[in-house]
Each structure stands twice: as structure tokens, then as C-alpha cells.
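# What the coordinates show
Spelled out from the first residue to the last, the chains are:
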Amino acid sequence: MNYKSATIAFILIAFCNLTFAQSEIPDLNRKVVNYVKSVVGQQVDRGECWDLANQALTQSGAKFDRSTKTSIYDFGQPVNPKKDQIFPGDIVQFDDVELEYKRGDVIYKEQMGHHTAIVVKVYEPGAFQLAHQNTSFSGKKVGVSDFTLAHVKKGQIKFFRPEEP
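This report concerns the structure included in the present document. (Residues numbered from 1 in each chain as written. Predicted model: local features only at pLDDT ≥ 70, side-chain atom pairs only at ≥ 80, totals over all residues. Heavy atoms only, no water.)

## Concerning the packing of aromatic side chains
By the definition in use, this model includes 6 aromatic pairs. When the ring of Phe94 is compared with that of Phe147, the centres are 5.3 Å apart and the planes differ by 85°; the resulting orientation is edge-to-face. Taken together, the positions of Phe94 in strand β2 (residues 91-103) and Phe147 in strand β5 (residues 143-148) put the pair 53 residues apart, joining distant regions of the chain. Residue Phe147 is classed as buried on the basis of its relative accessible area, which comes to 5%. Put simply, the rings of Trp50, Phe64, Phe75 and Phe160 pair up and form one aromatic cluster. Over the aromatic face of Tyr108 sits the side chain of Arg103, whose NZ or CZ is 6.0 Å from the ring centroid. (Phe/Tyr/Trp six-rings, centres within 6.5 Å; stacked < 30°, edge-to-face > 60°. Helix = DSSP H or I, 4+ residues; strand = E, 2+ residues; numbered from the N terminus. Buried < 20%, exposed > 50% of the residue type's maximum accessible area, 1.4 Å probe, protein only. Lys NZ or Arg CZ within 6 Å of the ring centre and 35° of its normal.)

Structure follows, in C-alpha cells:
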């Protein structure tokens, strides 16, 4: 097998594995994604980033403990993106995160001091489409953007899987 054939075979295997895995999205995650897709372009509650996750979990019937100041940022079962598969519908919490990436000849830098988002698509391990609000690009309305873990230079990112009550 030559280099080109091996590359094509690898891409096909990776695509098939990703497609197969996406068919195994937990039902609760599907409900979260369906809710998020229904509100893209709209403001959810006050338009704060947390409001989107709150409503997505509430509307999908997920367990969500809002009893303490720290538990409201605990959106379900913790998931490690380095070891576990991330699914659409998983919630992402950013704390003091700095991103840096290059497109063409331009270097971009972004900061997320304290921000909440929801995975709506998984392109490949470590690369996602996120839905969020209270951002510079969509304001108080729900918008989507791409996110790659490899672009993180600093800070903490936690992924959570919605849980049944």
C-alpha cells in the first residue's frame, strides 16, 4: 500500500468510527442538542452563557443541582476529553481559558474568563462546534462557533455529560 492509499484508508476508518460513535449519542444528550438547535439565533432567558445550559438541561429533563453556588456549574457527570468520548449535548465549562491559533498569516487570541457552552457537533476528537450565548460574535443570542482543544494555551476546561434525574 502506498502513502496515498494508506492516508485514504486512515481517513475512511476514522470517519466510519466517528460516524458510528455519533449514532451512540445518549438519549438525554440528543434532547439537549434538539433544544439548543431550536433556540439558535434567539436569546434564552437573560442571555447569559449559563442560561443556555440551564434551560437545555431543564427542558431535556436532566438532573441539575442548583442548590449551591458551586453546584450550579456542575452540569452532570464529569467527562475527560483525553480519555472519554465527547458527544453532542455535553456541556463545557471554561475558566480562565486563553486560546491561540493561526489562520493564514494571522494569529488569533481569545479569552474566556468564566464561560459555559454546549457541544452541538463533534468533528473529530478534540474538535467541536459549540453553541453559546453572551459572546462577542452573537451577543446575547445563541450562536455557534468552532472550538479545538489544541488551541488552548492556558486555563481549565471541564466537560460534563447530562445525567438522568
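## Looking at the environment of Leu52
Tracing the sequence through the fold places Leu52 in helix α3 (residues 49-60). In this structure the C-alpha to C-alpha distance between Leu52 and Thr116, which are 64 residues apart in sequence, comes to 8.3 Å. Sequence-distant contacts of Leu52, defined by excluding residues within four places in its chain, comprise Tyr35, Val36, Val39, Val44, Ile118, Ala131, His132, Gln133 and Val142. (Contact = heavy atoms within 4.5 Å.)

## Some thoughts on the nonpolar core
Membership of the largest hydrophobic core comes to 20 residues, with the highest contact counts inside it found for Tyr35, Val36, Leu52, Leu57, Phe75, Ile91 and Ile118. Within the residue set of this core, elements represented by two or more residues are α2 (27-39), α3 and β3 (106-124). Contacts of Ile91, omitting those with residues within four sequence positions, involve Ala53, Leu57, Phe75, Thr116, Ala117, Ile118, Lys158, Phe159 and Phe160. Counting residues in hydrophobic clusters, the runner-up holds 14 residues, among them Val79, Val92, Phe94 and Val97. (Core = buried A, V, L, I, M, F, W, Y, C linked by side-chain atoms within 4.5 Å.)

## Focus: the sheet that holds β5
Pairing is antiparallel across the open sheet formed by 6 strands, whose spatial order is β1-β6-β2-β3-β4-β5. The sheet is open, and its two borders are formed by β1 (77-79) and β5, each paired with just one other strand. Each adjacent strand pair in this sheet contributes to an overall mean axis angle of 55°, direction not counted. Here β1 runs beside strand β6 (residues 152-161); their pairing, made up of 3 bridges, is antiparallel. Paired with Gln77 across the two strands is Arg161, which belongs to β6. Along the sheet face, α2 touches β3, β4 (127-132) and β6 and points at about 120° away from the line of β3. (Pairing = 2+ DSSP bridges. Axes fitted to C-alpha atoms, helices over the stretch in contact; angles between N-to-C directions.)

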